[in-house]
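Letter by letter, the chains look like this.
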Amino acid sequence: MAGINRVILVGNLGRDPEVMTFDNGVKKASFSLATTESYKNKEGQRVEQTEWHNIVLWRGLADVAERFLKKGNQIYLEGKIKTRSYEQDGQKKYVTEIFVDNMTMLGKREAGSTEEYQKSQQQTQKVEEPEIEAPEDDLPF
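### Observations regarding the pattern of salt bridges
Tallied over the full model, the rule gives 7 salt bridges. Between arginine 84 and glutamate 97 there is a salt bridge, and its shortest N-O distance comes to 3.1 Å. Pair noted here: arginine 84 is in strand 5 (residues 74-88) and glutamate 97 is in strand 6 (residues 91-105), with a separation of 13 residues, a long-range link. For arginine 84, a relative accessible area of 40% corresponds to the partly exposed category. Through salt bridges with shared partners, one network takes in Lys27, Asp63, Glu66 and Arg67.

Below, the structure written as structure tokens:
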């Protein structure tokens with residue numbers, strides 16, 4: 001049976017996105033995202049627990065992040081978890097990241113950026129549908 005690797009997060013950016021543009025023009029944006037849960041403990045006191053996530057966006061989403069996201073912004077995102085390893089000072093280290101394939105900006109929008117953001121969303125989500133000619137047939141209906 002195949003597995004499912006799907007993540008949904010709503011949180012706030014911990015820092016401005018870092019954007020890299022590669023030689024072929026492809027962009028990659030990365031930033032940290034804080035998700036906070038609150039609950040009451042046995043003593044009835046409210047306790048907040050924050051988790052930090054490493055977020056990675058590619059291509060069109062990276063472009064949107066570069067243009068519109070800032071530290072503190074609230075976003076909704078969907079993606080998948082990926083873990084990679086690297087070696088530093090002779091020790092193997094691991095990094096777990098969320099590779100995003102769907103993102104929605106939440107919270108209040110800054111004046112003047114709403115129209116520009118909507119245009120960019122239309123451009124990144126625009127899919128050309130092929131023209132299909134109706135077949136000529138002799139059916140009476």
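### Observations regarding the packing of aromatic side chains
Applying the stated criterion across every chain yields a total of 1 aromatic pair. With a centroid separation of 5.9 Å and an interplanar angle of 20°, the aromatic rings of phenylalanine 22 and tryptophan 58 are classed as stacked. Here phenylalanine 22 is found in the loop between strand 2 (18-21) and strand 3 (27-40), whereas its partner tryptophan 58 is found in strand 4 (residues 46-58), with 36 residues between them in sequence. Of the residues examined, phenylalanine 22 reaches a relative accessible area of 34% and is grouped as partly exposed. The side chain of lysine 82 reaches across the aromatic face of phenylalanine 99, ending 4.7 Å from its centre.

Cut-offs and rules
For every chain, the first residue of its written sequence is number 1, and the numbers climb from 1 along that sequence. Predicted model: local features are reported for residues with pLDDT of at least 70 only, side-chain atom pairs are reported and counted for 80 or more only, and whole-chain, interface and lining totals are derived from all residues. Processing note: side-chain calculations cover all non-hydrogen atoms of the structure and skip hydrogens and water entirely. The term salt bridge refers to a pairing of a side-chain nitrogen on Lys or Arg with a carboxyl oxygen on Asp or Glu at a separation within 4 Å. Per the convention used, a helix needs a DSSP run of H or I reaching at least four residues, while a strand needs a run of E reaching at least two, with both numbered from the N terminus. Exposed residues in this analysis have more than 50% of their type's maximum accessible area, buried residues have under 20%, and partly exposed residues fall in between, with area computed by a 1.4 Å probe over protein chains only. Paired rings are identified among Phe, Tyr and Trp, the last through its six-membered ring, by centres lying within 6.5 Å, and are further divided according to the angle between planes into stacked (under 30 degrees), edge-to-face (over 60) and tilted (the rest). Criterion for a charge above a ring: Lys NZ or Arg CZ within 6 Å of the ring centre, and within 35 degrees of the ring normal.

Function cannot be inferred from these measures alone, as they are strictly geometric.
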